[in-house]
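# Results of the structural survey
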Amino acid sequence: MHSNAIESSLFSLVFDQASFLAFVTDREGTILRASRYAEELIGRELSGLPFADILINFAQAFNLEQALAAAGTQLLSVTMQNGKPQTFCFHFDDCGERILALGDPTHHDNEALHSSLIALNGEVSNLNRELQKKTVELEKLNELKSRFIGTTAHDLRNPIGGIYGLSKLLMEEATASGDERYAEIFTEMRGSTGFMLGLIENLLSAVTIESGVMQLTLEATDLNELIASNVRRNRIVADARGIGLHVAHAEPLPAIQLDRLKMHQVLNNLISNAVKFSARGSVVTVSAARESTAVVVAVEDRGPGIPASEFQKLFTPFQQTTVRSPDGEAGSGLGLSIVKAIVEEHGGRIGVESEVGVGTTFRVWLPLPTARHPANKEFSNDQG
Ligand SMILES: Nc1ncnc2c1ncn2[C@@H]1O[C@H](COP(=O)(O)OP(=O)(O)O)[C@@H](O)[C@H]1O
Ligand SMILES: [Mg+2]
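Thresholds, definitions, all that
- Residues numbered from 1 in each chain as written.
- Chains lettered and ligands numbered in written order.
- Predicted model: local features only at pLDDT ≥ 70, side-chain atom pairs only at ≥ 80, totals over all residues.
- Heavy atoms only, no water.
- Helix = DSSP H or I, 4+ residues; strand = E, 2+ residues; numbered from the N terminus.
- Rg over C-alpha atoms; globule rule 2.2 N^0.38 Å.
- Buried < 20%, exposed > 50% of the residue type's maximum accessible area, 1.4 Å probe, protein only.
- Contact = heavy atoms within 4.5 Å.
- pLDDT = per-residue confidence, 0-100.
- Pairing = 2+ DSSP bridges.
- Axes fitted to C-alpha atoms, helices over the stretch in contact; angles between N-to-C directions.
- Expected span 1.5 Å × (residues − 1).
- Bend = angle between axes of the 7 residues up to and from the residue.
- Polar contact = N/O pair within 3.5 Å; in protein donor to acceptor, adjacent residues only side chain to side chain.
- Near = heavy atom within 4 Å.
- Areas by Shrake-Rupley, 256 points an atom, 1.4 Å probe, with all protein chains shown as cover.
- Nonpolar A, V, L, I, M, F, W, Y, C, P; charged D, E, K, R; others polar.

Turning to the overall build of the protein, a few remarks are in order. Across its full length, the protein carries 10 helices and 13 strands. Computed over C-alpha atoms, the radius of gyration of the protein comes to 38 Å, more than 25% over the 21 Å expected from 2.2 N^0.38 for 384 residues, which places it beyond the range of a compact globule. With respect to the three principal axes, the spread of C-alpha positions in the protein is 130 × 60 × 40 Å. Looking at the protein as a whole, 34% of its 384 residues are labelled buried. The contacts of the protein with a sequence gap of at least 6 include a subset with a gap of at least 24, amounting to 59%.

Looking at the protein, the pLDDT average stands at 88 and 94% of residues meet or exceed 70. Here residues 376-384 scores under 50 on pLDDT; set against residues more than four positions off or in separate chains, the count is 1 contact.

Working note: non-glycine residues mostly have negative phi, and peptide bonds are mostly trans. Although it is not a glycine, phenylalanine 318 sits at a positive phi angle of roughly 65°. Note on placement: phenylalanine 318 falls in the loop between α8 (311-314) and α9 (335-345).

Overall, mixed pairing links the 5 strands, which are arranged β8-β10-β11-β13-β12 in an open sheet. Each edge of the sheet is formed by a strand with only one pairing partner; in this case those strands are β8 (244-247) and β12 (349-355). Between one strand axis and the next, the sheet turns by 15° as a mean value, whatever way the strands run. Two elements, β12 and strand β13 (residues 359-367), share 7 bridges in a ladder whose sense is antiparallel. Note that in β13 the partner of glutamate 353 across the bridge is threonine 361. Packing against the sheet, helix α6 (residues 223-240) makes contact with β8, β10 (283-290), β11 (294-301) and β13, and its axis sits at approximately 175° to β8.

Right, let's get into α6. The end-to-end C-alpha distance of α6 is 26 Å, a good match for the 26 Å that 18 residues give at a rise of 1.5 Å each. Where α6 bends most, the angle comes to about 40°, and this point is asparagine 234. Of all the positions in α6, only Leu223, Asn224, Leu226, Ile227, Ser229, Asn230, Val231, Asn234 and Ala238 are classed as buried. The N-cap of α6, judged by a side-chain oxygen 3.0 Å from the amide nitrogen of asparagine 224 a few residues on, is aspartate 222. A positive backbone phi angle near 70° is found at glycine 242, which sits one or two residues after α6.

Turning next to the site of ligand 1. Taken together, 19 residues lie around ligand 1, and Asn273, Gln320, Thr321, Gly333 and Leu336 are the ones closest in. Contact distances for ligand 1 include 2.8 Å between an oxygen atom and a side-chain N or O atom of asparagine 273. Contact between ligand 1 and valine 323: an oxygen atom at 3.0 Å from a main-chain N or O atom of the residue. In isolation ligand 1 has 530 Å² of accessible area, and contact with the protein removes 97% of it. Of all the secondary-structure elements, those providing two or more residues to the shell around ligand 1 are α7 (260-277), α9 and β13. Here the element with the most residues in the shell around ligand 1 is α7; it accounts for 4 residues. For the shell around ligand 1, a count of residues per class yields 8 nonpolar, 9 polar and 2 charged.

What follows is the structure, given as structure tokens:
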């Protein structure tokens, strides 16, 4: 009698008054009774609900049998009335047909969580510091690599340029003296050294662009003339490949402020690509026209075309598409990325239109001088 009275008073203490979560469930985990504190905290009637429903499972689904088998207490999070999770230290007691679950928001566990948070925080700071150190190291290495490529390319340019000039001379002499075999050999030699020179020029530009020190030497330029001279340069290769290279009817254009050498490189890369990827017998057309605020240069080919899904590769350094040159000529994948950088440095933009089996057109827009940015601003400032 006595012990029954004590039990029922303890029971009412735990379920009606104590500040911790208390549940009685059946063996399936259905809540039969929940303490008043639990229902207030969770904010709803809990009898009849599966115990697992009140938990937030970050790692894996809650399993009552496993919880019973595990020794000691376990940390479980419960969704509160305000939607936020709170962690409790749960103890499960197997009472045969019934199971008693007690969840205690003890000070001790909060403190453990707190200190593990502090430890994690410290670890994150350490990792962060290490990352910063590595970034600085990588930047240094990258700079070293750029300098290495830059010096090598620079040192190769002169001797190869020498061979290029010499092979041209020898080619002309062999042609003049009617020695066909040597004329052919020297033409071939001139072609490959020209290709190497182009590669070296691109490497040097890529290094300059990457280090962010590209500087333009602007001068008033007749774009039509620049195109004509570039087409002349590329005609030798085009002829050798049996490709027609034309300039479309040129309308007069206003002079624009350009870095001539760099714009040569832009035209050369676009025209040589069009020639390089087209099949024998094909035609490449270069044109320039005036639009309201820009001059647009177009290089159009009837080559293989580029799949639209590969457009994003075009202007990325060292990236090539699945389109290959019909005679297997290699490349570095640098050309178009350089073209884009130079065009943008001029305040312009580049676009591509292409259809597989039909051909490709690259267009470059170069802004015309406006009233706010007159082309000869530098001169008028000097004089004023
Ligand atoms: N006119 C073109 N027609 C078809 N594919 C082209 C054309 N121009 C460029 N491409 C594709 O874009 C890639 C990148 O061109 P580019 O940057 O000039 O590098 P590279 O000529 O050294 O390969 C080329 O490898 C080729 O796959
Ligand atoms: Mg190219």
